[in-house]
Amino acid sequence: SPKRHCHEAVVSTQSTGIKNVPISIIESQSAAITVFGLLPYEQKMSVQHSVVQRHGQCDLVVKGKEKMLAQVGFRRYLVKPIYSQHTKSNKHKLERFMPKKGSFVASYYAPITLSPAPVILFRVEEDGSATLLSTGSTLSCNPDRVICKRVVLSGHPLKIHKRTATVRYLFHSREDIAYFRPVEVRTKHGRRGHIKEALGTHGHCKIGFDGPLHQNDTVIMCLYKRVFPKWDFQYF
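Residues numbered from 1 in each chain as written. Predicted model: local features only at pLDDT ≥ 70, side-chain atom pairs only at ≥ 80, totals over all residues. Heavy atoms only, no water.

### Side note on the environment of Arg 186
The following threshold applies: The way it works is that DSSP assigns letters per residue, a run of H or I at least four long becomes a helix, a run of E at least two long becomes a strand, and they are numbered from the N terminus. Contact definition: two residues touch when any of their heavy atoms are within 4.5 Å.
Its location among the elements puts Arg 186 in strand E11 (residues 185–187). With near-sequence residues (within four places) excluded, Arg 186 lies in contact with Arg 191, Arg 192, Thr 218, Val 219, Ile 220 and Cys 222.

### Regarding the pairing of strand E6 (residues 103–111)
As a reminder of what qualifies: When accessible area is computed with a 1.4 Å probe and restricted to protein chains, residues below 20% of their type maximum are described as buried, those above 50% as exposed, and intermediate ones as partly exposed. Two strands make a pair as long as DSSP finds a minimum of two bridges between them.
Taken across its nine residues, E6 has seven buried, putting it largely inside the fold. The pairing of strand E1 (residues 45–54) with E6 spans nine bridges and is classified as antiparallel. For His 49, the partnering residue across the bridge sits in E6 and is Ser 107. Inspection of the sheet shows strand E4 (residues 82–85) paired to E6 by four bridges, in the antiparallel sense. By the bridge assignment for E6, Ser 84 is matched with Val 105.

### So, the nonpolar core
Heads up, the condition is: For the purposes of this section, nonpolar cores are sets of buried Ala, Val, Leu, Ile, Met, Phe, Trp, Tyr and Cys residues that join through side-chain atoms within 4.5 Å.
Core analysis: the largest hydrophobic core is formed by 17 residues, its most contacted members being Tyr 77, Tyr 83 and Tyr 108. Where this core is concerned, the elements lending two or more residues are strand E2 (68–72), strand E3 (75–79), E6 and strand E7 (118–124). Leaving out residues up to four positions away in the same chain, Tyr 77 has contacts with Met 68, Leu 69, Ala 70, Val 72, Tyr 108, Ala 110, Pro 111, Phe 233, Gln 234, Tyr 235 and Phe 236. Phe 171, Val 185, Ala 198 and Cys 205 belong to the second-largest nonpolar core, a separate cluster that totals 16 residues.

### Description of a nonpolar patch on the surface
Quick reminder of the rule: Only residues whose relative accessible area exceeds 30% and that form no salt bridge are eligible for patches; like-charged ones are grouped when within 9 Å, while nonpolar side chains (Val, Leu, Ile, Met, Phe, Trp, Tyr) are grouped when within 5 Å. Note on areas: Shrake-Rupley with a 1.4 Å probe; residue coverage comes only from the protein chains shown. By definition here, a salt bridge exists when the distance from a side-chain nitrogen of Lys or Arg to a carboxyl oxygen of Asp or Glu is within 4 Å.
Together, Phe 36, Leu 38 and Phe 74 give the surface a local cluster of nonpolar side chains, amounting to about 310 Å² of exposed area. In this structure, Phe 36 sits in the loop between helix H2 (23–27) and E1.

### Section: the environment of Ser 129
Rule in force here: Think of a polar contact as two N or O atoms within 3.5 Å of one another; within protein, one of them needs to be a possible hydrogen donor and the other a possible acceptor, and neighboring residues in sequence only count if both atoms come from side chains.
With respect to the helices and strands, the residue Ser 129 is situated in the loop between E7 and strand E8 (130–140). Ser 129 sits in the partly exposed class, given a relative accessible area of 33%. Within the structure, Ser 129 has its side chain in polar contact with the side chain of Asp 127 (distance 2.8 Å).

### Let's talk about the packing of aromatic side chains
For any pair of aromatic rings, geometry is given as the distance between the ring centres together with the angle between the planes. Counted only if it meets this: Side-chain rings of Phe, Tyr and Trp (the six-membered ring for Trp) are treated as a pair once their centres are within 6.5 Å; stacked means planes under 30 degrees apart, edge-to-face means over 60, and tilted covers the remaining angles.
Within the structure shown, the criterion is met by seven aromatic pairs. Their ring planes at 85° and their centres at 5.7 Å tell us that Tyr 83 and Phe 104 sit as a pair that is edge-to-face. Here Phe 104 lies in strand E6 and Tyr 83 lies in strand E4, a separation of 21 residues in the sequence. Here Tyr 83 falls in the buried class, since its relative accessible area comes to 0%.

### Quick notes on unusual backbone geometry
With an omega dihedral of 0°, the bond running from Ser 115 to Pro 116 counts as a cis peptide bond. Assignment of secondary structure puts Pro 116 in the loop between E6 and E7. One non-glycine residue, Lys 65, lies in the positive phi region at around 70°. Position of Lys 65 among the secondary structure elements: in the loop between E1 and E2.

### Points about the pattern of salt bridges
Tallied over the full model, the rule gives five salt bridges. Across the pair Asp 232 and Lys 80 runs a salt bridge, and its minimum N-O distance is 3.2 Å. One end of the pair, Asp 232, is in the loop between strand E14 (219–226) and strand E15 (234–235); the other, Lys 80, is in the loop between E3 and E4, and 152 residues separate them in sequence. Residue class for Asp 232 comes out partly exposed when judged on its relative accessible area of 21%. Judged by relative accessible area, Lys 80 falls into the buried class, the value being 16%.

### Examining the side chain of Thr 113
Relative to the elements of secondary structure, Thr 113 occurs in the loop between E6 and E7. Given the relative accessible area of 10%, Thr 113 is considered buried. Leave out the neighbours within four places in its chain, and Thr 113 touches Glu 42, Gln 48, Val 72, Arg 75, Thr 138 and Cys 141.

### Overview of the pairing of strand E5 (residues 91–95)
Here E4 runs beside E5; their pairing, made up of two bridges, is antiparallel. Counted as the bridge partner of Tyr 83 is Glu 95 from E5. As consecutive antiparallel partners, E4 and E5 are separated by five residues. The sheet contact formed by E5 and strand E9 (residues 146–161) spans three bridges and is parallel. Across the sheet, the residue bridging to Lys 91 is Val 146, located in E9.

Written out as structure tokens, the structure is:
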């Protein structure tokens with residue numbers, strides 16, 4: 001009957017042999033050996049992304065690419081992660097420091113670990129102790145995840161004529177103006193424009209805007225560069 005088959009269990013045993021075990025482990029009474037298996041490709045290196053949050057009692061200032069002790073699943077190693085925003089878009093803004101609130105993504109080079117797997121990040125102090133910084137779980141092993149670093153250039157209007165302004169301090173050479181000419185500029189008061197031409201050899205340029213400009217306004221240009229984690233991996 002079905003009830004009879006539910007109570008019946010098939011018990012099977014397996015024996016595993018391990019070669020080249022140190023004698024110190026055999027002589028130790030308290031040492032325990034953990035045996036685990038790897039899924040396909042988990043022995044290869046990739047860019048590991050983990051969604052983590054700061055520990056509630058941690059208020060330290062942690063800079064990006066600072067050496068960390070990472071406990072990812074059953075593995076433990078030293079890495080230098082970079083931090084980025086955890087969003088649903090295909091481009092993610094780089095965080096120069098570890099955020100103090102909310103979830104964020106830590107990216108580093110490490111052996112592939114498929115999710116879900118727990119992640120704990122520690123800071124190794126000079127005396128050898130470890131300070132808990134953040135906890136979370138693995139997100140993905142996607143080297144195509146785009147992390148962008150934003151740099152903001154700022155300038156000030158020197159002369160204003162209707163919707164055209166001569167801007168200084170935005171660049172310092174004609175070559176830079178010619179290179180960044182296709183990039184759109186904007187102001188803190190919401191005006192948008194494009195570079196028309198370079199004036200002189202000291203970085204002055206003429207910019208046309210979509211409306212009249214105020215003398216106390218600031219012209220800014222946002223530039224983005226893709227960044228990658230620093231290659232520094234070591235088993236701990």
